[in-house]
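Spelled out, the chains give:
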Amino acid sequence: MRALALGVLLAAATARADTASLARELGGPDDAVAEAAAGKLAQSAEPAAIAALVAALAEGPPPKVAVAALKALAGKKDARVVPALVERAQHRSPEVRKAALAALAVAPATEKRATAALTAALGDSDAEVRAQAARGLGDRRDRSAEARLVKLMEHRDMSAAPALAAIATPELAHRLSEMLGQVPDPILCTTLGEMLKRADFGPEPIRVEVVRTLSKVPGIDSTAVLIEYVASTERDKNRPSRLEAQKIVDERSRQ
Amino acid sequence: MAPMLAVLTSLAGCGEAAFSAHTRDNDVGDLQRAMAASAAPAARAGHAMAFLVTDGKLVGYDLADGKIAWEQAADVKSRVIVGGGAIAHRQGERDLVVRGAATGDVRARVTLAADETFVGAALDGDKLVYVVQLADKRSAVVAIDAGGAPLWRRETQSALGAPAARGGLVALPFAHQNLTLLDSTGREIARVRATDEEIAFARALPEGIYYGGARGVYRLDDKSAAGTRAGSSYAEAKLSGEQVRTAYHWDGYQPSQSALGAFDRNRLLWRGREGAGFRDDLAVLHTYRFFFAFDAKAGKLRWVYAHPRTDVVASEDAGGAIVFASADGDIGLIDAASGAVRIVQKTGLRVAGASFDADGLTAGSGATPPSEAEVAKTLEQIVYDHDARFGAVKVFAVDALGDVPGPTVTAALLKLVRAPAGAGGPPPAALARAGEKLVARRDRAAAPAMLEALGEHYDFLDDRTPRGVDVLARALGALGAREAAAPLAAHLLDHETPERALKDLATTLGQLGGPDAVKALRTFLLAYHADPAFLLDPAPLVVAGEALIRAGVEARRAVAFVVEDRRTLQPLARQLRVSLEAADAADEEAAKKKLEKKDSEAAPERQE
């Protein structure tokens, strides 16, 4: 028993020593070593590891190292993490911003600061950063960003499509249907198609409405979405929305 | 015998053939005799007139009655020259034609020889004097009477410029360096040799004869004998800005400038007076559709006029008014003193060029002078004009705008600073100049508007792009507006802030100081001290670091960390190390002096 206790203490001491050593490497002049250290700290269960990563970010590491530290902090449940991520979401390097937003996307759903930072980032000048933010908001299924995601769609940014689909309600589906002709067809079709893929999206009459909206969009984009929907609902052949989609596909194939 | 010799000596300079290399120059006596030979022109007998060159026609327009007085079919190839009761112009390929001003009827016609190129002409009453270049590079000046009969002809191996004639005296640029004066018989009676610059034009006005080059205007008087700018009655018009060409007159040596062209739309309008300077110290810059009137001494704008839509193709300072004609046939008058505008008539003619016999004409009482706000508005319109030709004019207008006092102008400058540069809009140089002017105004009343402008941050979705943040930072810094620290700090830390604005933001935050400023500077320095994106231009970080050094011991710690951090960009670390060591040394020196002072104060007490 005593030996076991000693062993646990020794392991803890070793872990602390390792963490301290990794923290030093993280703040060192060799970027590659620092990035590797961040990766190792990400695996550590030591609370000091999070502290080391947060402290390293506060000291302004080179962007590459900052990205590694941000990735390491993703998913960590610690009160110090979200403020550090939010701050880095304002970094001048788009890579750093993307990494910060990716980490914020997996912050607890109750973390409003994360949602706010992601929503704000939809207005970023960098398209990849906007896409990262939109993805994060979609993953979080947070509907508070609906208005800005719709604006993103209106600004012809394809990254709005999956995010809007992820948070879509019947009301939003109806609203998007009415935007036919106001936003590029490919974006609208992708959004509606992604919506139909969601098993929890409904009720069925709304799905039928979405399919009928797609039928009003001429061209290959809407046809491809409808074919995909028909294929993905093979097991539920009598579903009204599927039947409607099949009918439209058949009509188009005859033309 | 002696008096006779003196007379002969005094006349020696005049005894030479015209344009002789041996002719005496810069002689006060010669000049006085020449000027005595020049009588002021007689008052105009008829109405003021405009002579409009339009499609295949020459049109005499009565400015007093506001109607076309006559029309004559004419292939006019030159600017119309106006004399007393007569006009003249080049017509067709080789003819010079003199017409009666009242009817347009041809009075005389001269056909130039095949080897003669027309340079310019002047009317002295109804006598025509013209200059031609000959094929063998010689030049000739020729006079003909009212009926077209030759009076005299003088030739020279050197270049002659377009002549000016006034009351029996002919003045013409000669060999680029001289103004030569001929009497009514073609005898050279005096010569001015300029030592400071080329004499490129001669101009006869009711108030006297003027001559000059690219830089300014000389009045022909006794002082002309000096030959220098300093010694002569010489004047230059001071304008705000140097972007727009300020030609005082057509280049007399250039045959092409005798024709109607762009030069008629880009020149300086002025009148002379006794001694050096311009009448009422007024110089009016005509450029395309625009007129800018300046105090020629102070360079301050007096008024501005922008003619709607079409270019003004001809203009003249008639003394009390600027008279002009536009390409679409508008004939207008602008009161020279106030800028009040009166459009005399819309003739509807397509006008290629015009000349005026309008001396003494006024804009009349029906015209209202523009208010300060209207002047500012007009200048703003010029700056935002979509015509891409006006790049230099727009910069010039911004310069002029900056000289107009009042909150309206400050608001206009602020709007310009925030305007997007782009095709058809204000050119980048105009926007930059607007920024300089805004900073220089130090208009405290504009601070709230500037702070409000700083509230805007980039947002792709809301189509918001703040512009001029760097200028706003400088302007608020110049005002010492400490309330600007927080919004400026927000821009320093906003990743969308353009790199070029960062240095100004850091500089101003350093000047303003305070907790918001220090916090932002520290965050900025720490965040980017190892960021290779700043390797090429670490100046914003250097400025932030040096501001923190000045901000005190606590703020200095961040700088010390950056200096010691092995990841810090080397140029930044080097610069901040030097600054930090200098600050530490200064602190030590100050502490030492303080201690010495304390000791010296304590010493007498000990002695006691």
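Computed from a predicted structure; not experimentally measured.

Concerning the interface of chain B and chain A
Here's step 1: At the junction of the two partners, chain B supplies 27 residues and chain A supplies 26 residues.
Here's step 2: When chain B packs against chain A, close to 2,200 Å² is buried across both sides, 51% of that on carbon and sulfur atoms.
Here's step 3: Contact with chain A buries surface across chain B, with L461(B), H495(B) and R567(B) losing the most and accounting together for 36% of the total.
Here's step 4: Here chain B is connected to chain A by four salt bridges.

A look at the environment of R92(A)
Here's step 1: Its location among the elements puts R92(A) in the loop between α5 (81-88) and α6 (94-105).
Here's step 2: Sequence separation between R92(A) and P63(A) is 29 residues, and the spatial gap between their C-alpha atoms is 9.3 Å.
Here's step 3: Aside from chain neighbours lying at most four places away, what touches R92(A) is R97(A), D494(B), H495(B), T497(B), P498(B), E499(B), L502(B), Y528(B) and F534(B).

Brief notes about the pattern of salt bridges
Here's step 1: Per the stated rule, a full pass over the model turns up 65 salt bridges over all chains.
Here's step 2: Note that E204(A) is salt-bridged to R239(A), the shortest N-O span being 2.9 Å. One end of the pair, E204(A), is in helix α13 (residues 204-215); the other, R239(A), is in the loop between α14 (220-232) and α15 (240-254), with 35 residues separating them in the sequence.
Here's step 3: Through salt bridges with shared partners, a single ionic network connects R148(A), K151(A), D459(B), D462(B) and R464(B).

Notes on the domain arrangement of chain B
Here's step 1: By the assigned domains, chain B splits into domain 1 (24-39 + 112-260) and domain 2 (444-473 + 483-598).
Here's step 2: For domain 1 of chain B and domain 2 of chain B, the distance between their C-alpha centres works out to 62 Å.

What to know about the nonpolar core
Here's step 1: One finds W270(B), F292(B), L379(B), I382(B), M450(B), L492(B) and L509(B) to be the most contacted residues of the largest nonpolar core, which totals 97 residues.
Here's step 2: Two domains share this core, each providing at least three of its residues, namely domain 1 (24-39 + 112-260) and domain 2 (444-473 + 483-598) of chain B.
Here's step 3: Those residues in contact with M450(B) that lie beyond four places of it in its chain are L414(B), L438(B), D443(B), L472(B), A475(B), L476(B) and L479(B).
Here's step 4: By size, the runner-up hydrophobic cluster in this structure holds 81 residues, among which are A100(A), A114(A), L152(A) and A160(A).

Here's the deal with α15(A)
All names here are of chain A.
Here's step 1: Here α15 spans 21 Å end to end across 15 residues, near enough to the 21 Å set by a 1.5 Å rise per residue.
Here's step 2: The set of residues buried in α15 consists of S241, R242, E244, A245, I248, V249 and R252. Projection of α15 onto a plane perpendicular to its axis shows the buried side chains occupying an angular sector of 160°, all on one side.
Here's step 3: Here the buried face of α15 lies against α13 and α14.

Quick look at the packing of helix α11 (residues 170-177) of chain A against α13(A)
Residue and element names in this part refer to chain A.
Here's step 1: Orientation of α11 relative to α13, taken along the N-to-C sense of each, is 15°, at an axis distance of 10 Å. By the angle between their axes, α11 is roughly parallel relative to α13. Where α11 crosses over α13, the two elements pack in a sense that is left-handed. Taking contact as the criterion, the partners of P170, A173, H174 and S177 in α11 are, on α13, I206, E209, V210 and T213.
Here's step 2: Residue classes in the contact of α11 with α13 are distributed as four nonpolar, three polar and one charged.

Some remarks on the sheet that holds strand β12 (residues 164-166) of chain B
Residue and element names in this part refer to chain B.
Here's step 1: Spatial ordering of the open sheet is given by β12-β13-β14-β15, a layout of four strands whose pairing is antiparallel. Unpaired on one side and paired on the other, β12 and β15 (188-193) mark the two borders of the sheet. When the angles between neighbouring strand axes are averaged without regard to direction, this sheet yields 20°.
Here's step 2: Of the strand pairs in this sheet, strand β13 (residues 169-174) and strand β14 (residues 178-182) are connected by five bridges, and their pairing is antiparallel. Bridge pairing in β14 links V170 to L182.
Here's step 3: Contacts from helix α2 (residues 28-36) reach β13, β14 and β15, with the element oriented near 125° to β15.

Looking at the sheet that holds strand β2 (residues 57-62) of chain B
Residue and element names in this part refer to chain B.
Here's step 1: Taken in spatial order, the four strands of this open sheet run β3-β2-β1-β28, and their pairing is antiparallel. Every other strand in the sheet has two partners, leaving β3 (67-73) and β28 (351-357) as the edge strands with one partner each. In this sheet, neighbouring strand axes are inclined to one another by 20° on average, regardless of whether the strands run parallel or antiparallel.

Cut-offs and rules
Residues numbered from 1 in each chain as written. Chains lettered and ligands numbered in written order. Predicted model: local features only at pLDDT ≥ 70, side-chain atom pairs only at ≥ 80, totals over all residues. Heavy atoms only, no water. Contact = heavy atoms within 4.5 Å. Buried area = accessible area lost by both parts, 1.4 Å probe. Salt bridge = Lys/Arg side-chain N within 4 Å of Asp/Glu carboxyl O. Helix = DSSP H or I, 4+ residues; strand = E, 2+ residues; numbered from the N terminus. Domains from an automatic or database assignment. Core = buried A, V, L, I, M, F, W, Y, C linked by side-chain atoms within 4.5 Å. Buried < 20%, exposed > 50% of the residue type's maximum accessible area, 1.4 Å probe, protein only. Expected span 1.5 Å × (residues − 1). Arc of directions from axis to C-beta. Axes fitted to C-alpha atoms, helices over the stretch in contact; angles between N-to-C directions. Parallel < 35°, antiparallel > 145°, perpendicular 65-115°, else oblique. Left-handed = near helix turned anticlockwise from the far one by under 90°. Nonpolar A, V, L, I, M, F, W, Y, C, P; charged D, E, K, R; others polar. Pairing = 2+ DSSP bridges.

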